[in-house]
Amino acid sequence: MPRAEAFAVASTPEHALPVTNRCVLTERRALQLGLALVVLAYVPIALVGLPLFGDGAYYFFKLAFDGVPVFPNLRLGSVLAQLPTLAATRLTDDVALLRHLFSFTYVALPLVSLLVCWSIVRERRRELILLPLLFLIANQINFSAVSELLFSLYLVWPFVLLAVLAPHRRLTLTYGAVLAPLLLLLHPLGFAVAGFLSLVALLNARSDRATERTWTRVWSGLAAAFAVSAVLRMIATLIGATGYERSLAEPDAAVRYLLPETLSQGLLLTWVAVSGVLAALSLASGWRRGSRVVESRLLWPAFLLLPLVGASVALDILSGEGIKLKAGLILPVALLLMGLAVGVAWRPSALADLPGIRRLGRLMVVAALTVALIGTAKSAAWWTATHGLMNATASAETTCLAFGPEEPYALQWPWMAIVDDWATPMNALVFRPPWAIPLLLPGDGCRRLEETGQAHLASWIQRPAAQLEARFGPLRSVGAP
């Protein structure tokens, strides 16, 4: 500030200074607090090993026991997230250490995606960070950490923002050139994501941002690359779908795959979409007066409702409701939010004309609080359930423990629902006390173990019990009863 102004402030009696400036959360600190809350919300998720929920248990089992990655249904791109743990298996045999590395790697995927998005928008259009942050809120209804569909969306968010905010950077173009073929190797629904990115690239090629013919050609090439990726992925999905993937096309299975489990989760997805639309309207170029009305009267109240809906989702989780690997409806919600980001910022005059959101930092804190509420509930539920699983195996006075719809009884309590699924026998080995435990085997696994010495952890997973003991620790079925 000017010297005279600084002197006037310094000479003003303390009681004359505005009291409201002493405890007000500044915009910068609010932004930092919001990002920090999101990071802190994911740390317990990694520490308790929630990425080993469902399919994650099988991914980790294959890495820790067999030393090989998993690429289910020929989704080869899924190997990328497993490389750190795969490399670590060559250096250590400590299962607990490998489990933490596996968990932190998968937890890092959404966090890195968000932080990269923030690095892209912070000096250009920081208000756009609300849209990927809203996506993370919606994503809390999913329990899968190893989903190839979610991995695709984590990868795509930074490119969407780069495409609309930094279309002439080589990094943007290089990233797009790598992303187009990678989407072929991930989820069968990747054709929808690739098709959307083809439209984004086409908008850049035909807008007046492409002031030079070279940029027009480059973005046209990227549009063609994403279009080819979309077509090839669709053909592969229609023709080369596995039996599991085809089964999801049945009406009942499709409904179960697409929709969330509880009313509160459906409400959360809906409210995330509404909040995203209101945020986009608040940033609508050429509509300054109307956008201020939306921001002051609608956007802030809408965001304030997010933690309330999030708390309802959290209570469902703690009571064993809404435990679901993934809801496919997350894809159209993500594409909607990405489309809003593109629609708000892609025009050449948008960067200069767009109004700002005056309470952006506070909106971020409220959104981050929603992530923290649901993430903490998921972490608490998983920690409670895995420790209950440890107690169930440790207290069983047998060399083998049958696992089924009603066995062991301790897993039937509502708060155990999060760990009570087909992967439970593998999680019983990974989350275990240090003393000898019985194997937990489904169906007639105990009889087959006694006859053959083979542990059938699932219908397609069998391993010698002696090898399991050597890898995961002492087992009563191998050692002395």
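Since this is a predicted model, take the numbers as computed values, not measurements.

S.K.: Would you mind going over the packing of aromatic side chains with me for this structure?
M.R.: Between two aromatic rings, the relevant description is the distance of the centres plus the angle of the planes. Tallying each qualifying case throughout the model produces 18 aromatic pairs. Ring geometry for Phe-61 against Phe-472: centres 5.9 Å apart, planes inclined by 10°, an arrangement best described as stacked. Residue Phe-61 is found in helix H3 (residues 55-66), and its partner Phe-472 is found in helix H20 (residues 465-472); the two are separated by 411 residues along the sequence. The exposure classification of Phe-61 matches that of Phe-472, with both residues buried. Ring centres of Tyr-409 and Trp-413 lie 5.8 Å apart, and the angle between their planes is 75°; this geometry places the pair in the edge-to-face category.

S.K.: Hey, could you run me through the nonpolar core in this one?
M.R.: The nonpolar side chains of a soluble globular protein tend to be buried with one another. Grouped together as the largest cluster of nonpolar side chains are 156 residues, with contacts concentrated most on Ile-418 and Leu-468. With 15 residues, helix H7 (residues 148-165) is the single largest residue contributor to this core. Apart from residues lying up to four places away in sequence, Leu-468 is in contact with Phe-61, Phe-65, Leu-429, Leu-439, Ala-455, Leu-457, Arg-463, Gly-473 and Leu-475.

S.K.: Got a minute to help me understand the packing of helix H13 (residues 263-282) against helix H15 (residues 330-345) in this structure?
M.R.: Between two packed helices, what matters for the description is the angle formed by their axes and the separation of those axes. With their axes 10 Å apart at the nearest point, H13 and H15 run at an angle of 5° to one another. Our classification of the angle between H13 and H15 gives roughly parallel. Contact residues: H13 offers Leu-269, Val-272, Ala-273, Gly-276, Val-277 and Ala-280, while H15 offers Ile-330, Val-333, Leu-336, Leu-337, Leu-340 and Val-344. Residue classes in the contact of H13 with H15 are distributed as 11 nonpolar, 1 polar and no charged.

S.K.: I'm lost on unusual backbone geometry in this one. Help?
M.R.: One can expect most non-glycine residues to show negative phi and most peptide bonds to be in trans. The peptide bond linking Glu-407 to Pro-408 adopts the cis configuration, its omega dihedral lying at -15°. Along the chain, the position of Pro-408 falls in the loop between strand S1 (400-403) and helix H18 (424-430).

S.K.: Got a minute to help me understand the pattern of salt bridges in this structure?
M.R.: Between side chains of opposite charge, a pair can form as their charged atoms come close. Overall, the coordinates contain 7 salt bridges when judged by the stated rule. The salt bridge partner of Arg-447 is Asp-444, with a shortest N-O separation of 2.6 Å. Overall, Arg-447 belongs to the partly exposed group, its relative accessible area being 42%. Within this structure, Asp-444, Arg-447, Arg-448 and Glu-451 form a network of salt bridges that share partners.

S.K.: What is the right way to read the state of the cysteines from this model?
M.R.: This model, assessed by the stated rule, comprises 1 disulfide. Linked covalently through their sulfurs, Cys-400 and Cys-446 form a disulfide whose S-S length is 2.1 Å. Across the S-S bond of Cys-400 and Cys-446 the torsion is about -80°, and the bridge reads as left-handed. In this pair, Cys-400 sits in strand S1 while Cys-446 sits in helix H19 (residues 445-452), placing the two residues 46 residues apart along the sequence. When sorted by exposure, Cys-400 lands in the same class as Cys-446, which is buried.

S.K.: Teacher, can you tell me more about a nonpolar patch on the surface here?
M.R.: Nonpolar side chains collect at one region of the surface, where Val-228, Val-231, Leu-232, Met-234, Ile-235, Leu-238 and Ile-239 lie side by side and expose about 690 Å² of accessible area between them. Its place among the elements puts Ile-239 in helix H10 (residues 213-239). Classification of Ile-239 by relative accessible area gives exposed; the value is 70%.

Analysis parameters
Just so you know, the residues in each chain are numbered from 1, in the order the chain's sequence is written. Totals for whole chains, interfaces and linings use every residue, but because this is a predicted model, local features are given only for residues with pLDDT of at least 70 and side-chain atom pairs only at 80 or more, for both listing and counting. The side-chain numbers reported here are obtained from all heavy atoms of the structure, hydrogens and water having been left aside. Any two rings among Phe, Tyr and Trp, with Trp reduced to its six-membered ring, count as a pair given centres within 6.5 Å; such a pair is stacked if its planes are under 30 degrees apart, edge-to-face if over 60, and tilted if neither. To qualify as a helix, a DSSP run of H or I must reach at least 4 residues; to qualify as a strand, a run of E must reach at least 2; elements of each kind are numbered from the N terminus. To sort residues, take the accessible area from a 1.4 Å probe on protein chains only and compare it with the maximum for the residue type: under 20% means buried, over 50% means exposed, and anything in between is partly exposed. The set of buried Ala, Val, Leu, Ile, Met, Phe, Trp, Tyr and Cys residues whose side-chain atoms join them within 4.5 Å is what this entry labels a nonpolar core. Any two residues having at least one pair of non-hydrogen atoms within 4.5 Å are treated as being in contact. Axis definition: a line fitted to C-alpha atoms, over the contacting stretch in the case of helices. Angles run 0 to 180 degrees between N-to-C directions. Here the word oblique covers every angle except those under 35 degrees (roughly parallel), over 145 (roughly antiparallel) and from 65 to 115 (roughly perpendicular). Under the scheme applied here, ten amino acids are nonpolar (Ala, Val, Leu, Ile, Met, Phe, Trp, Tyr, Cys and Pro), four are charged (Asp, Glu, Lys and Arg), and all others, including Gly, are polar. For this analysis, a salt bridge means a side-chain nitrogen from Lys or Arg found within 4 Å of a carboxyl oxygen belonging to Asp or Glu. When two cysteine sulfur atoms lie within 2.5 Å, the pair is treated as a disulfide. Residues enter patches when they are more than 30% accessible in relative terms and free of salt bridges; like-charged ones are connected within 9 Å and nonpolar ones (Val, Leu, Ile, Met, Phe, Trp, Tyr) within 5 Å. Surface accessibility in these figures is a Shrake-Rupley result with a 1.4 Å probe; residues are shielded only by whichever protein chains are displayed.

Nothing here speaks to function; it is geometry throughout.
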